Protein chains: 2
Amino acid sequence: MASSSNLSLSKSLFSPSPPKSATTQNRDRIALSVPGVSATSRAVALRRRVGSLTTVRAVAAEAVEKKDAVVEKSVNTIRFLAIDAVEKANSGHPGLPMGCAPMGHVLFDEVMRYNPKNPYWFNRDRFVLSAGHGCMLHYALLHLAGYDSVKEEDLSSFRQWGSKTPGHPENFETPGIEVTTGPLGQGIANAVGLALAEKHLAARYNKPGHEIVDHYTYAILGDGCQMEGIANEACSLAGHWGLGKLIAFYDDNHISIDGDTDIAFTESVDKRFEGLGWHVIWVKNGNTGYDDIRAAIKEAKSVTDKPTLIKVTTTIGFGSPNKANSYSVHGSALGAKEVDATRKNLGWPYEPFHVPEDVKKHWSRHTPEGAALEAEWNAKFAEYEKKYKEEAADLKSLISGEFPAGWEKALPTYTPQSPGDSTRNLSQQCLNALPKVLPGLLGGSADLASSNMTLLKMFGDFQKDTPEERNVRFGVREHGMGAICNGIALHCPGLIPYCATFFVFTDYMRAAMRISALSEARVIYVMTHDSIGLGEDGPTHQPIEHLASFRAMPNILMLRPADGTETAGAYKVAIMNRKRPSVLALSRQKLPHLPGTSIEGVEKGGYIISDNSSGNKPEIILIGTGSELEIAEKAADELRKEGKTVRVVSFVSWELFDEQTDAYKESVLPAAVSARVSIEAGSTFGWEKIVGSKGKAIGVDHFGASAPADKIYKEFGLTVEAVIEAAKARC
Amino acid sequence: MASSSNLSLSKSLFSPSPPKSATTQNRDRIALSVPGVSATSRAVALRRRVGSLTTVRAVAAEAVEKKDAVVEKSVNTIRFLAIDAVEKANSGHPGLPMGCAPMGHVLFDEVMRYNPKNPYWFNRDRFVLSAGHGCMLHYALLHLAGYDSVKEEDLSSFRQWGSKTPGHPENFETPGIEVTTGPLGQGIANAVGLALAEKHLAARYNKPGHEIVDHYTYAILGDGCQMEGIANEACSLAGHWGLGKLIAFYDDNHISIDGDTDIAFTESVDKRFEGLGWHVIWVKNGNTGYDDIRAAIKEAKSVTDKPTLIKVTTTIGFGSPNKANSYSVHGSALGAKEVDATRKNLGWPYEPFHVPEDVKKHWSRHTPEGAALEAEWNAKFAEYEKKYKEEAADLKSLISGEFPAGWEKALPTYTPQSPGDSTRNLSQQCLNALPKVLPGLLGGSADLASSNMTLLKMFGDFQKDTPEERNVRFGVREHGMGAICNGIALHCPGLIPYCATFFVFTDYMRAAMRISALSEARVIYVMTHDSIGLGEDGPTHQPIEHLASFRAMPNILMLRPADGTETAGAYKVAIMNRKRPSVLALSRQKLPHLPGTSIEGVEKGGYIISDNSSGNKPEIILIGTGSELEIAEKAADELRKEGKTVRVVSFVSWELFDEQTDAYKESVLPAAVSARVSIEAGSTFGWEKIVGSKGKAIGVDHFGASAPADKIYKEFGLTVEAVIEAAKARC
């Protein structure tokens, strides 16, 4: 299971003797008394040492002044890196970086704990730019902080083919970017997932005196994120869970693309967040109020039982004399003239992309400091490992993403004699078998646990006061659920989140699922009631086009197992695909265990489950998926009784079949056999590729109906008789 | 354009001499002094007339007592109709109807203005059961109120094949149901749309002394709806718009499917709604506090500048001695034993589905009262029409959905010499041409008006104080936007809402779009930036699988026009399809006007735009859509220069092409010509059906990239050269 890429992720963890250069283990970075640390705290440190108030004051005042100057310069550097990159690309969003540079500076230079030379250091603070269009803020900060992923040439190739600096933050392109944002609201929900992961792992692994999991999750979200429903869903959960180490900055700049937010957004965000159970702080001057930002973060950290929203009122495009505070600076380059005017206005004499030497020097300490932080943590971990061998081994596997050899043997096995069951129930058997071998499996349902069959019976609920448990209760918040799972999956390689609802309600969470696919987040989507077989709830609850819609989506596996063996196979595939999410479409209704199904077959996507032909020349091939594979098999039995040679193929995952060799594909679906009939209780869209122009796809190309499932199957013509008739018409 | 079915919708409007039996024009139904009216208000009326306090008190007390008894009996009738229907179906949700019967009774029996014999009477109050799973509440109320759509036999065939009482409320099945709900949160957003429509039309058409548009919109939503992000989006807008005639009841029963809401939902809903700008009232005893419910509604009506949330604390499954207040009563039949126990507990001696005579009698007044209300309104309308001829004609067309003959001539026309433009800009030309002929066109964008090009230049913004305007500013709330548009479209047949965002963000609103399709709501989805042609914003913003995903969805038209003429054609089709929503995929990038495109062609879905072959035997057929049709045409030019006979087909809408005759299809895509190449900047999923197994579909089967559009097209192989190469390989 282990891939070599994971080793590098966790290399620091396993380094033999960590250097120990940091002089303090104080949790708060501001108080670290290493060179170049924030002047405010340096002054505090000096005061302690010197003891003479007069001297202290003079020294402190000078230090503060000097510090203030370099902070201001650093903030302007961030602004101009953004301005210059957008200008050069003639595309992008300068407004947010210009307005948020102060909070960005304070976070990355004074508050956050990270190691720029190992962006994957496990215990780093996480930062999510939920307002992803402002990504030049993040790229500029990574650049200043010393991340190798964003060099000057990367900044100057912003938004260009093959660059490390795409138009929105993409975790798979740029080390240092935690998650993929841009579609609004996703990022803050990801941040909730990251904070959940921290709280959960801390509860499971920390021991008295050994706070081995201990980091904050920071996010910046804008007005757009605030308007999106997904953000409210995720933030309601964050409040419910009491995620005290989640600190979100709301860039309150009153401007969105269409103009002043007054045209569409006049709610009281403060009041809403108080209602959601958050601690809310308002920094009225986010443009220059550095100390207010610092104080707000300090206050946020002091509130440990609630997440904090720091509303920071800023001016979008701060510094631009003619475009600041207007929508024109939101999503377009300033233009050469306005760039000049802004340079003058902010007193910035430098060439594009220039980082002044004193700013460079100021930030340069983050490389040794980051290494020291990681080394310090490694030493702590070594201590921990001595005392808590088993927990340390577990945690190591979560950090590396490596599973114990033969883990898949834990999956349940079935024979045709096993009692028939719905694949949603069989799925629960798999889920409950896996935690023994997979310490990182956790998840839950959007208020349908008892229908989706997703409870892990050996665990309680992940709640505010029981964060060590693994059943996550998402409430009726599908979209938030998906994005929270993306955050969990991207927290560390060994965490395997699953989430569940009725298959039709993937429509509510599709944007998050697409980001799972794009950002290579291994989320397992347990989607039950996967067809008209759902019955009485009717067409609002019956998926039709959903299988097709996910088959068309890149980098996501759509799996529709037919019985217990295939369900186990689907879980094996889902877990093995570390960089792909999987959607499991599962039945509400009971199904038999079919002879011929196999886990190896599932891994190939499409395979023969029965055949009475020889020489790869059946008269007819019947193809089914999920609950309809049984129908195909029954039709084959009848046809064989009449002397036909019939092959039955399970087509459990189109994507996996597509990845097989041509020879294998030919062995399953020989080109010479054009007599093919497929049956699937969903849209026939796309099936022409499998059955060919002479074949027949039996499916449902209209909305469903409210009635008992058997009745609907019959009325919609999804029957053994229909398959036999279509087969006979073709051979 | 007029279909016969619309005439019936508007029949009452056009009835020549409306009867006038109601003795008062008082807006508040409670105060109507017709027989059988609520005892409380009757007492008030009596008091006015009699003048002797002693007599009044005695009469009133007796009336109140009698009234209270029949109210209680009516409420229990509602409860048992729900219990019995769910029991008979052995499927459904008895808990909500049992808990919400009191508020349901007060609404339908005492407050709402409707005409049961004409469910489409224009000025009726609208009611939306957002918690659609509790639909037996609504069916029971419609039944008692005298709607012909829900007879006793309909109640007893609840959730059965072909019944009028499906498992969730469906407007297209059951007259009296306004919108289709069940997927949580959709209903309250629909209600916002209905209330928006009322406010807008009232502002446009009401004149001093002529309140011709004047109704309330009521909704019931549960905990599930409250958790969904879409509800927060829509309610934030409702607060922003000050929709004072929207009154939503929040069934606060503390139970959802997975158990007590405490496991996932501990926010303060009151505080959140106050933050959203709503007036909030709490009825603490929703089980028996009829007067509290009445008082709350009165208070809600008195607050005219804000929508009102009435939080009604109820007991789910009220009356069931062993299952009330538990999740077991949420979504399952009570079971025979518990039904018996509930009958005993509530003192209900009747057979299943029995409506006691006094309850029947009590409700029977709604038929004459409803007729009187409509007649009264018709008379008012006749007065109005005399004074305001033009406005009345407009409003009539909105009510009937009839357009002026030849309306489509208003659409702009183009020639190959017209300056090339992006189809998003061309779309704006269409949108701005249409209001002259379509008084019901209104809409907007989710904060991308200036990118989607959706502003109607002759109008201002629909806002709290300018509700007569037609540019709706939805903010970054795609999901709420779609569902609000469903509400607008289903308010009356002539309203044509459009809404817009980037095509990729249909993922955020897909659940609402599916309900447009299912509920036959003509919403026009203006989806720009429809491919990798979007460029620098990168893969989070570039749709790939979206065309395929909508082609697979039933009853929705996916249109991808290639130039100005096709864009105009797409609008014509979208508007003509009264019972289907349309999705218009539009380019960001500039495109030429192609010779050969036509509106008639668009109406056929696929058609020949150029051909140098004869006898329906081209050597090769090139097929393109939208921005790639130009590439196909250019490739054809090159191939023709080399002497090939080449046909170019525009495949603007697969669904429309599918509906053509076999002969027509053969005339465009002759079966004998297997040399076919398609090009489309999206997933090739499904294209096999069009190009066949010997053809080649050129597309994009992976995620996009951040770079200038031209570069991405080239890198991804979407070029004239690639089409030529594929064509040559096949002929």
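For clarity, every value in this text was computed on a predicted model and none was experimentally measured.

Engineer: An account of the interface of chain A and chain B is requested, with residue identities and associated values reported.
Structural biologist: On the side of chain B, 96 residues touch chain A, which itself brings 96 residues to the contact. For the pair chain A and chain B, the summed buried surface comes to about 7,900 Å²; carbon and sulfur atoms form 59% of the total. The tally of links from chain A across to chain B stands at 10 salt bridges. When the shortest N-O distance is used, the salt bridge between A:Arg159 and B:Asp537 registers 2.7 Å. On the surface where chain A and chain B come into contact, there are 46 residue pairs in polar contact (both at pLDDT 80 or more). Along the lines of polarity and charge, the residues of the side of chain A that touches chain B split into 37 nonpolar, 32 polar and 27 charged.

Engineer: Kindly report on the pairing of strand β6 (residues 279–283) of chain A, identifying the contributing residues and their values.
Structural biologist: When a strand is regular, its side chains alternate between the sheet's two faces. Residue and element names in this part refer to chain A. As paired elements, β6 and strand β7 (residues 308–313) share five bridges and run parallel to each other. Across the sheet, Val 280 pairs through a bridge with Leu 309, a residue of β7. Each parallel crossover has a hand, and for β6 linked through helix α12 (residues 290–302) to β7 it is right-handed.

Engineer: Account for the side chain of A:Asn118, naming residues and giving values.
Structural biologist: All names here are of chain A. Assignment of secondary structure puts Asn 118 in the loop between α5 (95–111) and β1 (126–129). Here Asn 118 falls in the buried class, since its relative accessible area comes to 4%. Polar side-chain contacts of Asn 118 include one of 3.0 Å to the side chain of Glu 374.

Engineer: Explain the relation of the copies chain A and chain B to me, and be specific about the residues and the numbers.
Structural biologist: When chain A is fitted onto chain B, the two copies agree to an RMSD of 0.0 Å after a turn of 180 degrees and an axial shift of 0.0 Å. Read as a symmetry element, the transformation amounts to a two-fold axis.

Engineer: Describe the UniProt feature "binding site: thiamine diphosphate" (unreviewed entry) in chain A, listing the residues and the values that go with them.
Structural biologist: UniProt tags A:His133, A:Gly182, A:Pro183, A:Leu184, A:Gly224, A:Asn253, A:His330 and A:Phe505 as "binding site: thiamine diphosphate" (unreviewed entry). An extended arrangement is adopted by the annotated residues: their sequence extent is 373 residues, and the largest C-alpha distance between any two is 34.2 Å. Dropping the residues within four chain positions of it, A:Pro183 is found in contact with A:Ile515, B:Phe505, B:Tyr508, B:Thr540 and B:His541. With respect to the helices and strands, the residue A:His330 is situated in the loop between β7 and α13 (336–346). When its relative accessible area of 11% is taken as the criterion, A:His330 is described as buried.

Engineer: With reference to specific residues and values, describe helix α17 (residues 423–433) of chain A.
Structural biologist: For α17(A), a buried count of nine out of 11 residues is recorded, marking the element as mostly surrounded by other parts of the structure. Those residues of α17(A) not exposed but buried are A:Thr423, A:Arg424, A:Leu426, A:Ser427, A:Gln428, A:Cys430, A:Leu431, A:Asn432 and A:Ala433.

Engineer: Which residues make up the packing of aromatic side chains, and what values go with them?
Structural biologist: Counted according to the given criterion, the structure contains 51 aromatic pairs over all chains. Taken together, a centroid distance of 5.8 Å and an interplanar angle of 50 degrees make the contact between A:Phe108 and A:Tyr114 tilted. On the accessibility criterion, A:Phe108 (2% relative accessible area) is buried. Judged by its relative accessible area of 2%, A:Tyr114 is buried. Geometrically, the ring pair formed by A:Phe716 and B:Trp161 is edge-to-face, given 5.8 Å between the ring centres and 70 degrees between the ring planes. Here A:Phe716 is found in the loop between α28 (709–715) and α29 (720–728), whereas its partner B:Trp161 is found in the loop between α7 (152–155) and α8 (186–205) on a different chain. Given a relative accessible area of 32%, B:Trp161 falls into the partly exposed group. Stacked on the ring of A:Tyr388, the Lys or Arg A:Lys207 has its end atom at 5.3 Å from the ring centre. Its end group placed over the ring of A:Tyr216, A:Lys245 keeps NZ or CZ at 5.6 Å from the ring centre.

Engineer: Can you explain the sheet that holds strand β7 (residues 308–313) of chain B? Please cite residues and give values.
Structural biologist: Residue and element names in this part refer to chain B. Spatially, five strands are ordered β1-β2-β3-β7-β6 in an open sheet, and the strand pairing comes out parallel. The open sheet terminates on both sides in strands that have one partner only, identified here as β1 (126–129) and β6 (279–283). Strand-to-strand, the axes of this sheet are offset by a mean angle of 15 degrees, without reference to chain direction. Here strand β2 (residues 217–221) pairs with strand β3 (residues 246–252) via five bridges, running parallel. What sits directly across from Tyr 218, in β3, is Ile 247. Against the sheet, α8 touches β1, β2 and β3, its axis set at about 170 degrees to β2.

What counts and what doesn't
- Residues numbered from 1 in each chain as written.
- Chains lettered and ligands numbered in written order.
- Predicted model: local features only at pLDDT ≥ 70, side-chain atom pairs only at ≥ 80, totals over all residues.
- Heavy atoms only, no water.
- Contact = heavy atoms within 4.5 Å.
- Buried area = accessible area lost by both parts, 1.4 Å probe.
- Salt bridge = Lys/Arg side-chain N within 4 Å of Asp/Glu carboxyl O.
- Polar contact = N/O pair within 3.5 Å; in protein donor to acceptor, adjacent residues only side chain to side chain.
- Nonpolar A, V, L, I, M, F, W, Y, C, P; charged D, E, K, R; others polar.
- Pairing = 2+ DSSP bridges.
- Helix = DSSP H or I, 4+ residues; strand = E, 2+ residues; numbered from the N terminus.
- Right-handed = clockwise from strand over helix to strand, strands pointing away.
- Buried < 20%, exposed > 50% of the residue type's maximum accessible area, 1.4 Å probe, protein only.
- Least-squares fit on C-alpha atoms with pLDDT ≥ 70 in both.
- UniProt positions renumbered as here; feature names shortened; annotations may be inferred.
- Phe/Tyr/Trp six-rings, centres within 6.5 Å; stacked < 30°, edge-to-face > 60°.
- Lys NZ or Arg CZ within 6 Å of the ring centre and 35° of its normal.
- Axes fitted to C-alpha atoms, helices over the stretch in contact; angles between N-to-C directions.

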